[in-house]
Amino acid sequence: MKNSKLYIENSLSRKKELFVPITPGFVGMYVCGPTVYSDVHLGNCRTFVSFDIMYRYLLHLGYSVRYVRNITDVGHLLDDGEDRMSKGAKADNLEPMEVAQKYSNGFHDMMRIFNALPPSIEPRATGHIIEQIEMVEAIIANGYGYESNGSVYFDTIAYSKDHNYGELSGRVIEELLVESRDNLKHQSEKKHPSDFAIWMKADDNHLMKWNSPWSVGFPGWHLECSAMSTKYLGKKFDFHGGGNDLKFPHHENEIAQNMGSCGCTPANYWVHTNMLLMNGRKMSKSDGNTITPDQLFTGNSPHVTKGYTPMVVKFFMLQCHYNSTLDLTDAGLAAAEKGYTKLFEAYKVLQDMETKSSANTGDEAINALLDQAFEDMNDDFNTPRALSRLFELVTIINKMKDGTEDINAVSSETLSRLKADMKALLFDVFGLQDPVSVHGDSTIDGLMDLVVDLRANAREQKDWTVSDKIRDQLSALNIVIKDGKEGTSWTVNS
Ligand code: AMP
Ligand code: ZN
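My aim in this report is to walk through the structure given alongside it, one point at a time.

## Considerations on the site of ligand 1
Consideration 1: By nearness alone, 15 residues border ligand 1, and Thr 35, Thr 47, Gly 243, Asp 245 and Leu 276 come closest of all.
Consideration 2: One of the side-chain nitrogen or oxygen atoms of Asn 44 is found 3.0 Å away from an oxygen atom of ligand 1.
Consideration 3: Residue Thr 47 places a side-chain N or O atom 2.7 Å away from a nitrogen atom belonging to ligand 1.
Consideration 4: When ligand 1 sits alone it has 490 Å² of accessible area, and the protein chains cover 90% of it.
Consideration 5: Among the secondary structure elements, those contributing two or more residues to the shell around ligand 1 are helix H1 (42–60) and strand S9 (237–243).
Consideration 6: The biggest single contributor to the shell around ligand 1 is H1, with 4 residues.

Dropping the structure here:
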């Protein structure tokens, strides 16, 4: 276990707090997963990449982490009251379970592309109907739920007499009219407009429904996360995350349900990620201000001048703190691409560096920057600041390479630490991948030597058609050719 003090911005207390897990050495972490009724979008990717970095950092610190991230495959309704899964099923002419499988597969593919680690447990809401019914029963038994026409509602007025409804979001109950995401046409069944459904009676044409003590119906969206987090992490666990658009009503209602059924708030630390924008505006399908991950990777969109690899997109995300909005722009991505390439080029140079010296006048600056990079991560997972320390180290590495700084002023101990810590941050914590990882494969190296030779010959003979064709076709494969003083080199942007 590393002896570090991690501070986390806790949305519940609205303060940055020292992270102290309930059981020393162990962390229970729950993150709201995707609603699998359509392709995952880049905003979702940003949120799940952010939580992946937090998970990875907790692992790096030496914690045993149980990371639970659910799949929402029922109960998340649209504003008109239709279940998102049913809508997806009707649109694609599929079984709801086929829809869930199709888009879960797509989500998993995207997480692999962004090199995000899989969670320890990935429960599906439809696999936990019994647990959800039991929770509804407990809420009713405690006097915080009532049945109305076969549906069951959470009684926010009864609850707020004993507890603070609105604690997380800062909402005041009197102002809560029709903001909750449940079905408007059922408002008359509620005692108060801010009450929300925990069990919904299904219409005859509803596709996904189960027997229950109250009706043939389906659970409320908020309830599933309460039931699944309790089942796998216990009544009280350490960390609960989601995008900040989930703070209200989803997370507020989760807290009320847990409190109303088990008597305690589920998580000690609530962490919310901020939204991804595009060109300064919320990404939205209706006004065309949207880009799919595939369009971004291939460049097949009017919003970008070229394609950007998944690792460049991920690096771009890491250059912004998870707590701030991130504006996706072509210029920002192009700058991230340069930075990412520069960082990994320096990392590669570092691997071949050696020092025989016992001198250590160069040690202080390097050790200080490495310490600061980890302090940045301890300060609410501040990836942009940690990256800026790595760029200061890149400057030092490049100076040692070109001789403006003396490599022999650095002790071998510090050089080993630099190699190990950079590796840990880039690969283990940030989950980035080396753009030049195919270097070292003798077949590819041999083929590339041949291609580079053929291009050099074409250039000598001023055959620009052939030399440009080689460069462009390599570029389409993400292989970048660079002509320098010492000859031609190549890199692969992964
Ligand atoms: P959903 O599939 O709609 O339930 O969303 C899955 C996760 O993605 C939730 O944590 C959302 O808060 C998050 N999310 C949705 N839109 C965005 C966005 N534009 N930027 C960042 N996160 C988002
Ligand atoms: Zn949730």
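## Side note on helix H7 (residues 247–262)
Consideration 1: Along H7, 14 of the 16 residues are buried, which leaves the element largely enclosed by surrounding structure.
Consideration 2: A positive phi of about 90 degrees marks Gly 263, the residue just after H7.

## Regarding helix H4 (residues 129–141)
Consideration 1: For H4, which comprises 13 residues, the first-to-last C-alpha distance of 18 Å matches the rise-based estimate of 18 Å (1.5 Å per residue) to within 8%.
Consideration 2: Among the residues making up H4, those that are buried are Ile 129, Gln 132, Ile 133, Met 135, Val 136 and Ile 139. The buried residues of H4 occupy an angular sector of 160 degrees when projected down its axis, which confines them to one face. In H4, those exposed residues whose orientation departs by more than 90 degrees from the buried face are Ile 130 and Ala 141.
Consideration 3: Next to the buried residues of H4 lie strand S5 (145–148), strand S6 (151–154), strand S7 (196–201), strand S8 (217–219), helix H6 (221–233) and H7.
Consideration 4: Gly 143 lies just past H4 and shows a positive phi near 85 degrees.

## Describing the pattern of salt bridges
Consideration 1: Enumeration over the complete set of coordinates arrives at 15 salt bridges.
Consideration 2: Two residues, Asp 73 and Arg 124, come together in a salt bridge whose shortest N-O distance is 3.6 Å. Residue Asp 73 is located in the loop between strand S4 (64–69) and helix H2 (84–92), and its partner Arg 124 is located in the loop between helix H3 (96–113) and H4; the two are separated by 51 residues in the primary sequence.

## Considering the coordination of the zinc ion (ligand 2)
Consideration 1: Those protein atoms acting as donors to the zinc ion (ligand 2) are Cys 32 (SG), Cys 225 (SG) and His 250 (NE2), and they sit at 2.0 to 2.2 Å.
Consideration 2: Every donor residue of the zinc ion (ligand 2) comes from the same chain, spaced as C-x192-C-x24-H. Pair noted here: Cys 32 is in the loop between strand S3 (26–31) and H1 and His 250 is in helix H7, with a separation of 218 residues, a long-range link. His 250 matches Cys 32 in its accessibility class, with the two residues each being buried.

## A short note on a nonpolar patch on the surface
Consideration 1: A cluster of nonpolar side chains, Tyr 7, Leu 18 and Val 20, forms an exposed patch at the surface whose accessible area comes to about 240 Å².
Consideration 2: Mapped onto the secondary structure, Val 20 falls in the loop between strand S2 (15–18) and S3.

## Here we look at the packing of aromatic side chains
Consideration 1: Within the structure shown, the criterion is met by 19 aromatic pairs.
Consideration 2: Residues Tyr 57 and Phe 381 carry aromatic rings whose centres are separated by 6.3 Å and whose planes lie at 90 degrees to one another, so their mutual orientation is edge-to-face. One end of the pair, Tyr 57, is in helix H1; the other, Phe 381, is in the loop between helix H11 (363–378) and helix H12 (383–402), and 324 residues separate them in sequence.
Consideration 3: A ring pair is formed by Phe 154 and Phe 196, whose centres lie 4.9 Å apart and whose planes are at 10 degrees; its orientation type is stacked. Of this pair, Phe 154 sits in strand S6 while Phe 196 is found in strand S7, placing the two residues 42 residues apart along the sequence. With respect to class, Phe 154 is no different from Phe 196; both count as buried.
Consideration 4: Taken together through their ring pairs, the aromatic side chains of Phe 315, Tyr 340, Phe 344, Tyr 347, Phe 391 and Phe 427 make up a single cluster.
Consideration 5: The aromatic ring of Tyr 146 is capped on one face by Lys 191, whose charged end is 4.5 Å from the ring centroid.

## Quick notes on the sheet that holds S7
Consideration 1: Pairing is antiparallel across the open sheet formed by 4 strands, whose spatial order is S5-S6-S7-S8. Sheet topology places S5 and S8 at the edges, where each strand pairs with a single neighbour. Mean inter-strand twist for the sheet, computed between neighbouring axes without regard to direction, equals 20 degrees.
Consideration 2: Pairing geometry for S5 and S6, over 4 bridges, is antiparallel. The residue bridging Gly 145 from the neighbouring strand is Phe 154, located in S6.

## Section: the nonpolar core
Consideration 1: The biggest cluster of nonpolar side chains holds 114 residues, and the ones touching the most others in it are Met 29, Leu 42, Leu 328 and Phe 430.
Consideration 2: Per element, the largest residue contribution to this core is 10 residues, and it comes from H1.
Consideration 3: Among all residues touching Leu 328, those that are not within four sequence positions of it are Leu 42, Leu 276, Leu 277, Met 278, Asn 279, Met 283, Ile 291, Leu 296, Phe 316 and Leu 333.
Consideration 4: One finds Met 135, Ile 173, Trp 199 and Ala 256 within the second-largest nonpolar core, a separate group that totals 21 residues.

## Some thoughts on the sheet that holds strand S11 (residues 276–278)
Consideration 1: One open sheet holds the 3 strands; their spatial order is S12-S11-S13, and the pairing between them is mixed. With one partner strand each, in any of the chains shown, strand S12 (281–282) and strand S13 (326–328) form the two edges of the open sheet.
Consideration 2: One ladder, built from 2 bridges, connects S11 with S12; its direction is antiparallel. Counted as the bridge partner of Met 278 is Arg 281 from S12.

Reading the values: the criteria
- Residues numbered from 1 in each chain as written.
- Chains lettered and ligands numbered in written order.
- Predicted model: local features only at pLDDT ≥ 70, side-chain atom pairs only at ≥ 80, totals over all residues.
- Heavy atoms only, no water.
- Near = heavy atom within 4 Å.
- Polar contact = N/O pair within 3.5 Å; in protein donor to acceptor, adjacent residues only side chain to side chain.
- Areas by Shrake-Rupley, 256 points an atom, 1.4 Å probe, with all protein chains shown as cover.
- Helix = DSSP H or I, 4+ residues; strand = E, 2+ residues; numbered from the N terminus.
- Buried < 20%, exposed > 50% of the residue type's maximum accessible area, 1.4 Å probe, protein only.
- Expected span 1.5 Å × (residues − 1).
- Arc of directions from axis to C-beta.
- Contact = heavy atoms within 4.5 Å.
- Salt bridge = Lys/Arg side-chain N within 4 Å of Asp/Glu carboxyl O.
- Donors = N, O, S within 2.8 Å, 3.2 Å for Na, K, Ca; no water.
- Patch = residues over 30% accessible without salt bridge, like charges linked within 9 Å, V, L, I, M, F, W, Y side chains within 5 Å.
- Phe/Tyr/Trp six-rings, centres within 6.5 Å; stacked < 30°, edge-to-face > 60°.
- Lys NZ or Arg CZ within 6 Å of the ring centre and 35° of its normal.
- Pairing = 2+ DSSP bridges.
- Axes fitted to C-alpha atoms, helices over the stretch in contact; angles between N-to-C directions.
- Core = buried A, V, L, I, M, F, W, Y, C linked by side-chain atoms within 4.5 Å.

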